[in-house]
Amino acid sequence: MLETEDLRQNALLGLLTEEELIPLLPYFEKVRLTLGQSLSESGMQMSHVYFPLDSIVSLLCVMEDGASTEIAIVGYEGVVGVSLFMGGETTPSRAIVQSAGQAYRLKGQLLKNEFYRAGSMQRLLLLYTQALLTQMAQTAVCNRHHSLDKQLCRWLLLSLDRLNSNELFMTHELIANMLGVRREGVTEAAGKLQRAGLICYNRGHITVTDRPGLEARVCECYAVVKKEYDRLLKHITVV
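Each value, and the rule that gives it
- Residues numbered from 1 in each chain as written.
- Predicted model: local features only at pLDDT ≥ 70, side-chain atom pairs only at ≥ 80, totals over all residues.
- Heavy atoms only, no water.
- Helix = DSSP H or I, 4+ residues; strand = E, 2+ residues; numbered from the N terminus.
- Rg over C-alpha atoms; globule rule 2.2 N^0.38 Å.
- Buried < 20%, exposed > 50% of the residue type's maximum accessible area, 1.4 Å probe, protein only.
- Contact = heavy atoms within 4.5 Å.
- Areas by Shrake-Rupley, 256 points an atom, 1.4 Å probe, with all protein chains shown as cover.
- Lys, Arg positive; Asp, Glu negative; His and termini not counted.
- Charge placed at Lys NZ, Arg CZ, Asp CG, Glu CD.
- Salt bridge = Lys/Arg side-chain N within 4 Å of Asp/Glu carboxyl O.
- Pairing = 2+ DSSP bridges.
- Axes fitted to C-alpha atoms, helices over the stretch in contact; angles between N-to-C directions.
- UniProt positions renumbered as here; feature names shortened; annotations may be inferred.
- Domains from an automatic or database assignment.
- Buried area = accessible area lost by both parts, 1.4 Å probe.

Draft legend 1. Highlighting the overall build of the protein chain. Counting its regular elements, the protein chain contains 11 helices and 10 strands. A globule of 239 residues ought to have a C-alpha radius of gyration of about 18 Å, and the protein chain, at 18 Å, matches this closely. Based on the C-alpha atoms only, the size of the protein chain along its principal axes is roughly 50 × 40 × 30 Å. Expressed as a percentage of its 239 residues, the buried residues of the protein chain come to 50%. Once local pairs closer than 6 in sequence are excluded, the contacts in the protein chain between residues at least 24 apart make up 73%. For the protein chain, the exposed area adds up to about 11300 Å²; of that, 52% sits on carbon and sulfur atoms. Each charge sign in the protein chain was given a centre, from 24 positive and 26 negative side chains, and these centres are 4 Å apart.

Draft legend 2. The pattern of salt bridges, seen in detail. With the rule as written, the count across this model stands at 13 salt bridges. We note a salt bridge from glutamate 20 to arginine 117, for which the minimum N-O separation is 3.9 Å. Here glutamate 20 is found in helix H3 (residues 18-21), whereas its partner arginine 117 is found in the loop between helix H5 (108-115) and helix H6 (120-145), with 97 residues between them in sequence. With a closest N to O distance of 3.0 Å, glutamate 228 and arginine 231 form a salt bridge. Linking glutamate 228 with arginine 231, this pair stays in helix H11 (residues 220-234), spanning three residues, or about one helical turn. Exposure remark for glutamate 228: the relative accessible area of 14% places this residue in the buried category.

Draft legend 3. Broad picture of the sheet that holds strand S4 (residues 56-62). Pairing in this open sheet of four strands is antiparallel, and the strands run S2-S6-S4-S5 from one edge to the other. Two strands close off the open sheet at either side, each with one partner strand: strand S2 (38-40) and strand S5 (68-74). Strand-to-strand, the axes of this sheet are offset by a mean angle of 35 degrees, without reference to chain direction. As paired strands, S4 and S5 are joined by six bridges and run antiparallel to one another. Opposite valine 57, over in S5, you have valine 74 as the bridge partner. Helix H8 (residues 172-179) rests against S4, S5 and strand S6 (93-99) of the sheet, and its axis sits at about 90 degrees to S5.

Draft legend 4. Molecular detail of the environment of isoleucine 71. Mapped onto the elements, isoleucine 71 comes out in strand S5. Put simply, isoleucine 71 and serine 147 are 76 residues apart on the chain and 17 Å apart in space, counted from C-alpha to C-alpha. Dropping the residues within four chain positions of it, isoleucine 71 is found in contact with Leu59, Leu60, Cys61, Ser93, Gln135, Met136 and Thr139.

Draft legend 5. Broad picture of the sheet that holds strand S8 (residues 167-169). Spatial strand order, S8-S10-S9: three strands in an open sheet with antiparallel pairing. Unpaired on one side and paired on the other, S8 and strand S9 (199-202) mark the two borders of the sheet. Put simply, the sheet's adjacent strands are angled 15 degrees from each other on average, direction ignored. By the bridge criterion, four bridges tie S9 to strand S10 (residues 205-208) in an arrangement that is antiparallel. Paired with tyrosine 201 across the bridge in S10 is isoleucine 206.

Draft legend 6. Region of the structure containing unusual backbone geometry. For alanine 118, which is not a glycine, the phi torsion comes out positive at approximately 60 degrees. When you line up the elements, alanine 118 lands in the loop between H5 and H6.

Draft legend 7. Examining the UniProt feature "domain: HTH crp-type" (unreviewed entry) in the protein chain more closely. UniProt feature "domain: HTH crp-type" (unreviewed entry): in the numbering of this structure it lies at residues 163-210. Secondary structure within residues 163-210 divides into 44% helix and 23% strand; the distance between the first and last C-alpha atoms comes to 16 Å.

Draft legend 8. Here's a closer look at the side chain of serine 99. Relative to the helices and strands, serine 99 is located in strand S6. What makes serine 99 buried here is its relative accessible area of 17%. In this structure, serine 99 is in contact with Leu35, Ser55, Ile56 and Leu163, ignoring residues within four places of it in sequence.

Draft legend 9. The domain arrangement of the protein chain, seen in detail. As assigned here, the protein chain comprises domain 1 (4-112) and domain 2 (147-218). Taking only C-alpha atoms into account, the centre of domain 1 sits 24 Å from that of domain 2. Taken together, the contact pairs 14 residues of domain 1 with 12 residues of domain 2. Carbon and sulfur atoms make up 59% of the area that domain 1 and domain 2 hide from each other, which totals about 1100 Å². When the area that domain 1 buries against domain 2 is broken down by residue, the three leading residues are Ile73, Tyr76 and Gln98, summing to 41%.

Draft legend 10. Inspection of the pairing of S4 at higher detail. Taken across its seven residues, S4 has five buried, putting it largely inside the fold. Remark: five residues form the turn of the hairpin made by S4 and S5, two consecutive strands paired antiparallel; glycine 66 in that turn has positive phi of roughly 95 degrees.

This is the structure:
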């Protein structure tokens, strides 16, 4: 049987009190998320919400011609499925597993019930949604105003923060799909970072070898997003 400490592997759930977690324990299911797995499609109502542990989920906007751009990523700090408890039920974005791993799954109706009780869970989910909206807005600004190598730096750092690792398994083609650019552009940008000694790339395996150097090179968008997550979620007391 799950213990409350198991759920705290997800940082968002970890901010809830013991009393808030215990009634939900029997309803959480630990699942394996595989690379490329779709958790939701545009216009589809999700039956479950997902709290990642060591996995990352990309939220993508997809055009009619199939082209896509990532608008946000969710890792162990958050939850996939905010449209359920915000009342919209569906969303025009897709949720695709970017990095395989584990997550806790909960039926959407159960989360909605907790949310509408207007207790600690509601406050916490609203704070997380504000942080997620900041990430989405800053991603849009970054994609419009900053160079591809700076966008790649931002994407790498945000991903690594959610893995607690300095390694990613991701091909240039997949990164290009996330950033909404051509693969050749990602290859060129990654080459610049590798020649600068910031990363090492080999057959879909990216290792960040100089994180301080990467942070010095990235645009301000990374710091804006990180600061907002920290402000809203790292030091709050849920009451």
